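Remarks on the overall topology
Here is how the chains run, residue by residue.
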Amino acid sequence: MAKFLGVVSLLTALLAASAAQAHAFLDHASPLVGSTVATAPPELTLTFTQNLESAFSTVTVTGPNGARVDTGKAQVSGNTMRVGLKAAGPGTYRVRWHVLSVDTHTTQGSFTFRVGGGR
Amino acid sequence: MLHQSSYSRAFALALLFVPLTCSATLAHCFVGSRFFPATLAVDDPCVADEMSLPTVTWSHTADVPPATEWDVSVEFSKRITENFGISVGDTFTHIRQPGGFVMEGFTNLETAFQYQIAKDSEHELALLAGLVVDWGNTGSVSAGVATPWSVLTPTFYFGKGFGDLPPEAGWLRAFAVTGQIGYQMPTSSFDPVAGVFIPQVLAYGGTLQFSMPYLKSEIVDLQLPDFINHLIPIVEVALQTPVANNFGNSAVTTGTINPGVIWVGSYFQIGAEAMIPVNADSGSGVGFVGQLHLYLDDIFPTTIGQPLIGGSQTVARKPSF
């Protein structure tokens, strides 16, 4: 048992000593993942659990007809990514993001939100 | 004898860590947007840099009257290349008979050599092949908890998430299944001490899991409490069926059904499951298994968390929460 506790203690010390940062997870989005909003938002905001490397972090948004509605290069500040949106009417919008956290871990994901009562 | 064995094992583990802390290592099981957690009864379908420290099991044996069994195990997994990894593990077993008689000691050292056959991000599909080796005479044979013979088990693993279902499927997209099937081949066919044949056994099992992290990041953010958004409710089934060289032994299938839950964090996960024997030959009453599992690729992203050779070549994609 003493050996086992020793191993656990060593590992705990290593964890405490390491300045580790994990992958950047999407903490929340505005509009919310899977939500329905009354009118098309002028901007999409993604907030992550880690700070991002702006040069390697991207987001694209497509509107109800499949065309891109984001205004281009996203603005990255710390753990937040923002991109402007063009109005494309009611319907389902798809968000695809791809980010690199400051510890070089890459993550990506996608989700949808809906505007008005469209498909 | 037992103490010498445990010291040697601890020393070997220590030696294992020395070069690793000077190099680099792994990622856990991400396939597309899907994260397959390390499961407690069935292995996940990925090579990875991770450590289970410890896994604790409490159960009652199938003996009449039943004995109480405690198992404490440790497993360390390391990617050698992006797609090839090895695991080393061992278990300390303590069995107390109703009359007070105790059997305890280490089981045989177990290693696994695994190769990632495929990862299909779009369909959240992972395939893995491996050879599991229990090394004979490396545990407490004299205490009756290890065997002098080895066991080779070629094993196939798979995982499939349902995120590629159409959007109309809604919450069903957060489900995933994993499974494994292996064929245990002992290096001896007869146990002269017990006077019985040593059977070849089909070992198989699977999991059904629902990912709250996946639900939140890919389907719908219900703004639930953060703790809930980190949970993966799960049911595991692990079974064994003797299929050859079973003369004179019981041929019944044994195993457990394990309902439980896994909490997934950024650096580690904690799992807890009940263990329900599938029949009287599998145990007596409901047991319990708990596990602390460490993600070495996130704890040590530039050292232990990288493959020893070649580094990471593929983009890991994790659920976000």
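The rules behind each value
Residues numbered from 1 in each chain as written. Chains lettered and ligands numbered in written order. Predicted model: local features only at pLDDT ≥ 70, side-chain atom pairs only at ≥ 80, totals over all residues. Heavy atoms only, no water. Pairing = 2+ DSSP bridges. Helix = DSSP H or I, 4+ residues; strand = E, 2+ residues; numbered from the N terminus. Axes fitted to C-alpha atoms, helices over the stretch in contact; angles between N-to-C directions. Disulfide = S-S within 2.5 Å. Buried < 20%, exposed > 50% of the residue type's maximum accessible area, 1.4 Å probe, protein only. Phe/Tyr/Trp six-rings, centres within 6.5 Å; stacked < 30°, edge-to-face > 60°. Lys NZ or Arg CZ within 6 Å of the ring centre and 35° of its normal. Core = buried A, V, L, I, M, F, W, Y, C linked by side-chain atoms within 4.5 Å. Contact = heavy atoms within 4.5 Å. Polar contact = N/O pair within 3.5 Å; in protein donor to acceptor, adjacent residues only side chain to side chain. Salt bridge = Lys/Arg side-chain N within 4 Å of Asp/Glu carboxyl O.

**Notes on the sheet that holds strand β3 (residues 43-48) of chain A**
Residues and elements named next belong to chain A. Pairing is antiparallel across the open sheet formed by 4 strands, whose spatial order is β1-β3-β6-β5. With one partner strand each, in any of the chains shown, β1 (26-30) and β5 (75-77) form the two edges of the open sheet. Adjacent strand axes in the sheet meet at a mean angle of 15°, parallel and antiparallel pairs treated alike.

**Quick word on unusual backbone geometry**
Cis rather than trans, the peptide bond between Ser30(A) and Pro31(A) has omega equal to 0°. On the secondary structure map, Pro31(A) appears in the loop between β1 and β2 (36-37). We note that Asn137(B) has phi near 70°; this positive angle belongs to a residue other than glycine. Mapping Asn137(B) onto the fold places it in the loop between β8 (125-134) and β9 (151-161). Even without glycine at this site, Asn245(B) takes up a positive phi of about 55°.

**Some thoughts on the state of the cysteines**
Residue and element names in this part refer to chain B. All chains considered together, the criterion is met by 1 disulfide over all chains. Bridging Cys-29 to Cys-46, the disulfide has an S-S length of 2.0 Å. Here Cys-29 and Cys-46 share a disulfide; its torsion about the S-S bond, 50°, makes the bridge right-handed. Here Cys-46 lies in the loop between β2 (34-36) and β3 (50-60) and Cys-29 lies in strand β1 (residues 29-31), a separation of 17 residues in the sequence. Assessed through its relative accessible area of 3%, Cys-46 is described here as buried.

**Some details on the packing of aromatic side chains**
How two aromatic rings sit relative to each other is set out by the distance from centre to centre and by the angle between their planes. All names here are of chain B. Scanning the entire structure with this criterion turns up 9 aromatic pairs over all chains. Ring centres 5.9 Å apart and planes at 85° place the aromatic pair Phe-35 and Tyr-295 in the edge-to-face group. Pair noted here: Phe-35 is in strand β2 and Tyr-295 is in strand β17 (residues 287-295), with a separation of 260 residues, a long-range link. Classification of Tyr-295 by relative accessible area gives buried; the value is 1%. Put simply, the rings of Phe-30, Phe-35 and Tyr-295 pair up and form one aromatic cluster. Between the NZ or CZ atom of Arg-34 and the centre of the ring of Tyr-214, over which it lies, the distance is 4.0 Å.

**Thoughts on the nonpolar core**
Residue and element names in this part refer to chain A. In terms of nonpolar packing, the biggest core is built from 22 residues, with Leu-44, Leu-46, Phe-48, Val-59 and Phe-111 touching the most fellow members. Secondary structure elements with two or more residues in this core: β1, β3, β4 (58-62), β6 (80-84), β7 (91-100) and β8 (106-115). Ignoring anything within four residues of it in the chain, the contact list for Phe-48 reads Ala-24, Phe-25, Leu-26, Asp-27, Asn-79, Met-81, Trp-97 and Val-99.

**A look at the side chain of Asn258(B)**
Residue and element names in this part refer to chain B. As for its position among the elements, Asn-258 is in strand β15 (residues 254-264). Residue classification places Asn-258 among the buried positions, given a relative accessible area of 3%. A polar contact is formed between the side chain of Asn-258 and the side chain of Thr-256, at a distance of 2.9 Å.

**With respect to helix α2 (residues 212-219) of chain B**
Across the 8 residues that make up α2(B), a large majority, 8, are buried. Where α2(B) is concerned, the buried positions are Met212(B), Pro213(B), Tyr214(B), Leu215(B), Lys216(B), Ser217(B), Glu218(B) and Ile219(B). On its buried face, α2(B) sits against β1 and β8 of chain A together with β2, β13 (200-210) and β14 (231-244) of chain B. The backbone nitrogen of Tyr214(B) has a side-chain oxygen 3.0 Å away, supplied by the residue at the start of α2(B), namely Ser211(B).

**Focus: the pairing of β15(B)**
All names here are of chain B. Two strands pair when backbone bridges link them, and β14 and β15 are joined in this way by 10 bridges, in the antiparallel orientation. By the bridge assignment, Pro-233 is partnered in β15 with Val-261. Two strands pair when backbone bridges link them, and β15 and strand β16 (residues 268-277) are joined in this way by 7 bridges, in the antiparallel orientation. If you follow Ile-262 over to β16, its bridge partner there is Gly-271. Following β15, the chain reverses through 3 residues before pairing antiparallel with β16.

**Brief notes about the pattern of salt bridges**
Residues and elements named next belong to chain B. Going through the model one piece at a time under the given rule, you end up with 7 salt bridges over all chains. Close ionic contact of Asp-49 with Lys-78 constitutes a salt bridge, the shortest N to O distance being 3.1 Å. Taken together, the residues span a long stretch of sequence, with Asp-49 in the loop between β2 and β3 and Lys-78 in strand β4 (residues 68-79) at a distance of 29 residues. The same class applies to Asp-49 as to Lys-78, namely buried. Taking the shortest distance from any N to any O, the salt bridge between Asp-164 and Lys-160 comes out at 3.1 Å. Note on Asp-164: relative accessible area 32%, which makes it partly exposed. Within the structure, one salt-bridge network assembled from shared partners comprises Asp-49, Lys-78, Arg-79 and Glu-82.

**Concerning the environment of Val69(A)**
All names here are of chain A. Structurally, the position occupied by Val-69 is in the loop between β4 and β5. Under the relative-accessibility criterion, Val-69 is labelled buried at 4%. For the pair Val-69 and Gln-50, spaced 19 residues apart in sequence, the C-alpha to C-alpha distance is 26 Å. In this structure Val-69 touches Val-61, Thr-62, Gly-63, Gly-84, Leu-85, Lys-86, Ala-88 and Tyr-93, once residues within four positions along its chain are discounted.

Taken by themselves, the reported measurements are silent on function.
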